Amino acid sequence: MHEEKVEWTEIIEPRSHLLDLKLHELWRYRDLLVMLVRRDFVATYKQTILGPIWFFIQPLLTTVTYMLIFGNIAKISTDGLPMAVFYLAGITIWNYYADSLNKTATVFKDNANIFGKVYFPRLIMPLSIVVSNLVRLGIQLSLFLLIWGYYFISGAQLHPNIYLLLVPVVVLLMALQALGLGMIISALTTKYRDLIFLLTFGVQLLMYATPVIYPLSALPKKYALLIHANPLSEPVELFRYAFTGSGQVSWAGLAYSVVCTLVMLALGTLIFNRVERKFMDTV
């Protein structure tokens, strides 16, 4: 009796090294990525009355709040720009980063039941979060463009420039930084649950250390170096500068942000891959 040769459709092997992204596997599971992106979008707003309209309401309410508190009461400079344009520009790009980081940072805890039942490249989960948030970013960017267009037609001093071509680079930097830091925090929360409670507070503090509600030009010299050390500062300032022509943009600062992003992504991948092997024992 001859034994039939079995053709395996999937062979699960240990990673050759901790920085191995297995990009060929990610590409092979691209349909799963699309499904997870669709799931995240539908699950978030399926049982809400206003649905995706919240994408518009949230940044609008936040912008109005910032205009009242930081613009009219605190009298923080907006570099001569209309307050609505200044704040909404920062809020639009910051919301993408903050949402991606918050959800990526709890990916192990939130998906432990799935990870324990079926095999797929674990990196698919944090990637799906970053990609699904691009939908929200696109909707909020359209809102920003409407507000920006109104003030531009009205004669406000807005000077769009060649840096608009770098807006996709800005989005990529914000996405990769959120992915890298999110994977680090997610890996640590499998053992140190307290980090989950500190996450929201930490993201809020990080926003104040990033020029979202103030321009870099308004910083006192003693704080300028600290804010410039934040790798998020240059992308946020560049995003605003591209549409308005107002702000401080530095190629050296952008290069620094790129280097920090790559280091953070590499570190996040290393820690994520290491914890992935045994996180089911601790989560």
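Just so it is clear, the model here is predicted, and its values are computed rather than measured.

Rules used in this analysis
Residues numbered from 1 in each chain as written. Predicted model: local features only at pLDDT ≥ 70, side-chain atom pairs only at ≥ 80, totals over all residues. Heavy atoms only, no water. Helix = DSSP H or I, 4+ residues; strand = E, 2+ residues; numbered from the N terminus. Buried < 20%, exposed > 50% of the residue type's maximum accessible area, 1.4 Å probe, protein only. Areas by Shrake-Rupley, 256 points an atom, 1.4 Å probe, with all protein chains shown as cover. Expected span 1.5 Å × (residues − 1). Salt bridge = Lys/Arg side-chain N within 4 Å of Asp/Glu carboxyl O. Contact = heavy atoms within 4.5 Å. Core = buried A, V, L, I, M, F, W, Y, C linked by side-chain atoms within 4.5 Å. Patch = residues over 30% accessible without salt bridge, like charges linked within 9 Å, V, L, I, M, F, W, Y side chains within 5 Å. Axes fitted to C-alpha atoms, helices over the stretch in contact; angles between N-to-C directions. Parallel < 35°, antiparallel > 145°, perpendicular 65-115°, else oblique. Left-handed = near helix turned anticlockwise from the far one by under 90°. Nonpolar A, V, L, I, M, F, W, Y, C, P; charged D, E, K, R; others polar. Phe/Tyr/Trp six-rings, centres within 6.5 Å; stacked < 30°, edge-to-face > 60°. Lys NZ or Arg CZ within 6 Å of the ring centre and 35° of its normal.

K.L.:
Could you clarify how one ought to interpret the overall build of the protein chain in this entry?
P.N.:
The secondary structure content of the protein chain amounts to 12 helices and zero strands. When the helices and strands of the protein chain are listed from N to C terminus, the series reads α-α-α-α-α-α-α-α-α-α-α-α. For the protein chain, with 283 residues in total, the buried portion stands at 46%. Only carbon and sulfur atoms are counted for the fraction: they give 68% of the accessible area of the protein chain, which is about 15,500 Å².

K.L.:
Looking at this model, I keep getting lost on helix α11 (residues 233-244). Mind explaining?
P.N.:
Since one α-helical turn is 3.6 residues long, residues separated by three or four positions face the same way. An ideal rise of 1.5 Å per residue puts 16 Å on 12 residues; α11 measures up with 17 Å between its terminal C-alpha atoms. In terms of residue burial, α11 counts as a mostly covered element, since 12 of its 12 residues are buried. Listing the buried residues of α11 in full gives Ser-233, Glu-234, Pro-235, Val-236, Glu-237, Leu-238, Phe-239, Arg-240, Tyr-241, Ala-242, Phe-243 and Thr-244. Trailing α11 by a residue or two, Gly-245 shows a phi angle of about 75°, which is positive.

K.L.:
I keep staring at the pattern of salt bridges and nothing clicks. Help me out?
P.N.:
Side-chain pairs of opposite charge can arise where the charged atoms are in close proximity. Applying the stated criterion to the full structure yields two salt bridges. The salt bridge involving Arg-136 is made with Asp-99; its shortest N-O contact spans 3.0 Å. Residue Arg-136 is located in helix α7 (residues 124-153), and its partner Asp-99 is located in helix α4 (residues 83-104); the two are separated by 37 residues in the primary sequence. Asp-99 matches Arg-136 in its accessibility class, with the two residues each being buried. The shortest N-O distance in the salt bridge between Glu-237 and Arg-240 comes to 3.5 Å. Of the two residues, Glu-237 and Arg-240 both sit in helix α11, three residues apart, roughly one turn of that helix.

K.L.:
Please clarify how the environment of Leu-158 should be interpreted in this entry.
P.N.:
Inspection of the secondary structure assignment puts Leu-158 in the loop between α7 and α8 (167-189). Sequence-wise, Leu-158 and Gly-80 are 78 residues apart; in three dimensions their C-alpha atoms are separated by 9.6 Å. Setting aside chain neighbours within four positions, we find Leu-158 in contact with Leu-81, Pro-82, Val-85, Trp-148, Tyr-151, Phe-152, Phe-243 and Thr-244.

K.L.:
Honestly, the nonpolar core in this entry has me stumped. Any pointers?
P.N.:
Nonpolar side chains in soluble globular proteins tend to end up buried together. The biggest cluster of nonpolar side chains holds 66 residues, and the ones touching the most others in it are Trp-94, Met-174 and Ile-213. Looking at which element gives the most residues to this core, the answer is α4, with 12 residues. Other than its neighbours up to four places away in sequence, Met-174 contacts Ile-93, Tyr-96, Tyr-97, Leu-232, Pro-235 and Val-236.

K.L.:
What's the story with a nonpolar patch on the surface in this structure? I'm lost.
P.N.:
A grouping of Val-64, Leu-68, Ile-69 and Ile-73 is seen on the molecular surface, where their side chains present a nonpolar patch of about 390 Å² in accessible area. Of note, Leu-68 is situated in helix α3 (residues 54-73).

K.L.:
Can you help me understand the environment of Phe-70 in this one?
P.N.:
By secondary structure assignment, the location of Phe-70 is in helix α3. Distance from Phe-70 to Tyr-214, taken between C-alpha atoms, is 8.6 Å for residues 144 residues apart in sequence.

K.L.:
Explain the packing of α3 against α7 here, please?
P.N.:
One way to put it is that α3 packs onto α7 with a least axis distance of 9 Å and a crossing angle of 55°. Between α3 and α7, the angle is such that the two are oblique. Regarding α3 and α7, the two cross each other, and that crossing is right-handed. Where α3 abuts α7, its residues Phe-55, Phe-56, Gln-58, Pro-59 and Leu-60 lie against Arg-136, Ile-139, Gln-140, Ser-142 and Leu-143.

K.L.:
Would you explain the packing of α4 against α7 in this entry?
P.N.:
When two helices pack together, you describe them by how their axes are tilted relative to each other and by the distance separating the axes. Contact geometry for α4 and α7: axes closest at 9 Å, N-to-C directions at 170°. With respect to α7, the element α4 is oriented roughly antiparallel. Tallied by class, the residues present in the contact of α4 with α7 amount to 16 nonpolar, six polar and three charged.

K.L.:
Please explain the packing of aromatic side chains as it appears in this structure.
P.N.:
Think of a pair of aromatic rings as described by two things: how far the centres are apart, and how the planes are tilted against each other in angle. Counted according to the given criterion, the structure contains 12 aromatic pairs. Here Trp-148 and Phe-243 contribute two aromatic rings whose centre-to-centre distance is 6.5 Å and whose plane-to-plane angle is 70°, an arrangement assigned as edge-to-face. With Trp-148 in helix α7 and Phe-243 in helix α11, the pair connects residues that are 95 residues apart, well separated along the chain. In terms of burial, Trp-148 and Phe-243 fall into one category: buried. Taken together, Phe-144, Trp-148, Phe-152, Phe-239 and Phe-243 form an aromatic cluster joined through their ring pairs. Positioned above the aromatic ring of Phe-86 is the side chain of Arg-240, whose terminal nitrogen or guanidinium carbon lies 3.9 Å from the ring centre.

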